[in-house]
Amino acid sequence: MPQTTIYVAPRFPGTLGTTPLAVATVELARLFGRSAALAGVSINVEVGRTVALLGPNGAGKTTLLRLCATAIRPSFGSLAIDGLDTLRHPELIRERVAYLSHATGHYDDLTAAENLRFAATMFGWGKTEGDPVCAEALAGVGLEAAANDRVASFSAGMRKRLALARMLVARPSLVLLDEPHAALDGEGMALVDHLLGQWHEAGVTVLVASHQAERLATLCDGTIRLDGGLVAEVSGAGVSLGARATTLAPQVAVSGMDR
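Residues numbered from 1 in each chain as written. Predicted model: local features only at pLDDT ≥ 70, side-chain atom pairs only at ≥ 80, totals over all residues. Heavy atoms only, no water.

### Brief notes about the side chain of Thr25
Line of reasoning, step 1. Note on placement: Thr25 falls in strand E1 (residues 23–32).
Line of reasoning, step 2. A polar atom in the side chain of Thr25 sits 2.7 Å from the backbone oxygen of Val41.
Line of reasoning, step 3. Apart from the residues within four sequence positions on either side, Thr25 is in contact with Val41, Ser42, Ile43, Ser78, Leu79 and Ala243. (Helix = DSSP H or I, 4+ residues; strand = E, 2+ residues; numbered from the N terminus. Polar contact = N/O pair within 3.5 Å; in protein donor to acceptor, adjacent residues only side chain to side chain. Contact = heavy atoms within 4.5 Å.)

Listed below in structure tokens is the structure:
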């Protein structure tokens, strides 16, 4: 696998020279109607750790990732990314987070290169510096030969590779991956494993939700297992149970972003 340049957001200094936790939640809860997708999750993830989010369907893995990406807001509790509260500083956090969701979010009428150049502009790259960054990212995921093809003609696996290329164009401190191996063949899954290693070497924190526990066992520092919206188990390095709140402060959900 080719080595691809990994761009990383600068660290935020903590108090007294400490480094803030990459992810810190206190009694984090998210309701959808009367159902709780998360029902009071308190966890800490250290900077630079790769952590697997495991659990059955409906355990709350995707909801936790969406909360970390500020795609939805908490119903109760608190969540901080790199020491920044997600409710108070959502724009700053979005600049530091790269999120691979189930929906790849490409523009079908544009080519792979055009999609990536648009993403690069959103991530703050100018054209002169952004073009070689995009070219390297496409080569890094094996799509250089398809750079000028319209995404409408892409298979599910090619779309996933393009989404991974978009992650390489970002400059995150936190990478969020929701089932990154899905829709990929053996070579594509090996690419994801390779990128996980590169992010780890670069000091980027990674949360990866997956049903492939055995595959992630050698790739991750620690594991958080969710079940029914609660933390069922925390194990490994760089991850621990967080503090419990004395009271639950209700938060206001954003209409239209609940699901």
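And the narrative resumes.
### Digging into helix H4 (residues 127–140)
An α-helix turns once every 3.6 residues. As a result, residues three or four positions apart point the same way.
Line of reasoning, step 1. With 14 residues, H4 extends 19 Å between its outermost C-alpha atoms, agreeing within 8% with the 20 Å of an ideal straight helix rising 1.5 Å per residue.
Line of reasoning, step 2. Turning to H4, its buried residues are Gly130, Val133, Cys134, Ala137, Leu138 and Gly140. Summarising the axial view, the buried residues of H4 lie within an arc of 155 degrees, below the 170-degree limit, and thus occupy one face.
Line of reasoning, step 3. Its buried side turned inward, H4 meets helix H3 (112–122), helix H5 (156–169) and helix H6 (186–202).
Line of reasoning, step 4. Immediately beyond the C-terminal end of H4, within one or two residues, lies Gly142, with a positive phi of roughly 80 degrees. (Expected span 1.5 Å × (residues − 1). Buried < 20%, exposed > 50% of the residue type's maximum accessible area, 1.4 Å probe, protein only. Arc of directions from axis to C-beta.)

### Section: the sheet that holds strand E7 (residues 97–100)
Line of reasoning, step 1. Read from one edge of the open sheet, six strands run E7-E8-E9-E4-E10-E11, paired in mixed fashion. One side of each edge strand has no neighbouring strand; the edge strands of this open sheet are E7 and strand E11 (230–236). Taken over all neighbouring pairs, the strand axes of this sheet differ in orientation by 15 degrees on average, direction set aside.
Line of reasoning, step 2. The sheet contact formed by strand E10 (residues 222–227) and E11 spans six bridges and is antiparallel. What sits directly across from Thr223, in E11, is Ser235.
Line of reasoning, step 3. Along the sheet, H5 contacts E7 and strand E8 (174–178); its crossing angle with E7, the most-contacted strand, is approximately 175 degrees.
Line of reasoning, step 4. Across the sheet, H6 lies against strand E4 (50–54), E8 and strand E9 (205–209), angled at about 160 degrees from E8, the strand it touches most. (Pairing = 2+ DSSP bridges. Axes fitted to C-alpha atoms, helices over the stretch in contact; angles between N-to-C directions.)

### Brief notes about the pairing of E9
Line of reasoning, step 1. Judged by how many residues are buried, E9 sits mostly within the fold: five of five residues are covered.
Line of reasoning, step 2. Taking every second residue as pointing to the same face, both faces of E9 are buried, with Thr205, Leu207 and Ala209 on one and Val206 and Val208 on the other.
Line of reasoning, step 3. Of the strand pairs in this sheet, E8 and E9 are connected by five bridges, and their pairing is parallel. Opposite Leu174, over in E9, you have Thr205 as the bridge partner.
Line of reasoning, step 4. Handedness of the crossover joining E8 and E9 through H6: right-handed. (Right-handed = clockwise from strand over helix to strand, strands pointing away.)

Purely geometric stuff here, so don't read any function into it on its own.
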